[in-house]
Amino acid sequence: MATTYDPTEIEKKWYKTWEEQGYFKPSGHGESFCIMIPPPNVTGSLHMGHGFNNAIMDALTR
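Residues numbered from 1 in each chain as written. Predicted model: local features only at pLDDT ≥ 70, side-chain atom pairs only at ≥ 80, totals over all residues. Heavy atoms only, no water.

Chemist: When you look at the overall build of the protein chain in this model, what are you seeing that I'm missing?
Modeler: Counting its secondary structure elements, the protein chain contains two helices and zero strands. Computed over the C-alpha atoms, the radius of gyration of the protein chain is 16 Å, more than 25% above the 11 Å expected from 2.2 N^0.38 for a compact globule of 62 residues. Based on the C-alpha atoms only, the size of the protein chain along its principal axes is roughly 45 × 40 × 15 Å. Burial statistics for the protein chain: of 62 residues in total, 2% are counted as buried. Only carbon and sulfur atoms are counted for the fraction: they give 61% of the accessible area of the protein chain, which is about 6,400 Å². If you average the places of the 5 positive and of the 7 negative side-chain charges in the protein chain, the two averages end up 6 Å apart. (Helix = DSSP H or I, 4+ residues; strand = E, 2+ residues; numbered from the N terminus. Rg over C-alpha atoms; globule rule 2.2 N^0.38 Å. Buried < 20%, exposed > 50% of the residue type's maximum accessible area, 1.4 Å probe, protein only. Areas by Shrake-Rupley, 256 points an atom, 1.4 Å probe, with all protein chains shown as cover. Lys, Arg positive; Asp, Glu negative; His and termini not counted. Charge placed at Lys NZ, Arg CZ, Asp CG, Glu CD.)

Chemist: I tried to follow the environment of T17 on my own but got confused; where do I start?
Modeler: Examined against the element boundaries, T17 turns out to sit in helix 1 (residues 7-21). Under the relative-accessibility criterion, T17 is labelled partly exposed at 25%. Residues T17 and G28 lie 11 residues apart in sequence; the distance between their C-alpha atoms is 21 Å. Among the polar contacts made by the side chain of T17, one reaches the main-chain carbonyl oxygen of K13 at a distance of 3.1 Å. (Polar contact = N/O pair within 3.5 Å; in protein donor to acceptor, adjacent residues only side chain to side chain.)

Chemist: Please clarify how a nonpolar patch on the surface should be interpreted in this entry.
Modeler: Among the surface-exposed residues, Y5, I10, W14, Y15, W18, Y23 and F24 lie close enough to one another that they form a single nonpolar patch of about 800 Å² accessible area. You can see Y15 is positioned in helix 1. (Patch = residues over 30% accessible without salt bridge, like charges linked within 9 Å, V, L, I, M, F, W, Y side chains within 5 Å. Salt bridge = Lys/Arg side-chain N within 4 Å of Asp/Glu carboxyl O.)

Chemist: Explanation requested: helix 1 in the structure shown.
Modeler: Three or four residues apart is the spacing at which side chains of an α-helix point the same way, because the helix has 3.6 residues per turn. Here helix 1 contains 15 residues, and its C-alpha end-to-end distance of 21 Å stays within 8% of the 21 Å for a straight helix at 1.5 Å per residue. Of the residues flanking the end of helix 1, it is G22, one or two places downstream, whose phi is positive at about 75°. (Expected span 1.5 Å × (residues − 1).)

Chemist: Is there a simple way to explain the pattern of salt bridges in this structure?
Modeler: For side chains of opposite charge, pairing can occur when their charged atoms come near one another. For the structure shown, the criterion picks out two salt bridges. For E9, the salt bridge is made with K12, and the minimal N-O distance between the two is 3.2 Å. Of this pair, E9 and K12 both sit in helix 1, three residues apart, roughly one helical turn. In this structure, E20 and K16 form a salt bridge, with 2.7 Å as the shortest nitrogen-oxygen distance. Within this pair, E20 and its partner K16 are both found in helix 1, separated by four residues, close to a single helical turn. You can call E20 exposed: its relative accessible area is 55%. In this structure K16 comes out as exposed when scored by relative accessible area, which is 52%.

Quick look at the structure:
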């Protein structure tokens, strides 16, 4: 078992599956909408909170 996580192979496999299943294609149903996210506002060093915040916004949007 690997001692570190290497997402490269796992992500390639799943991304291919998601593309083949059409998960990224719009359904064409429902009303269009737009979600505005603020521009990056990094006033110091990047940290996990920046990625966490963006991941939450992305998940809610999807």
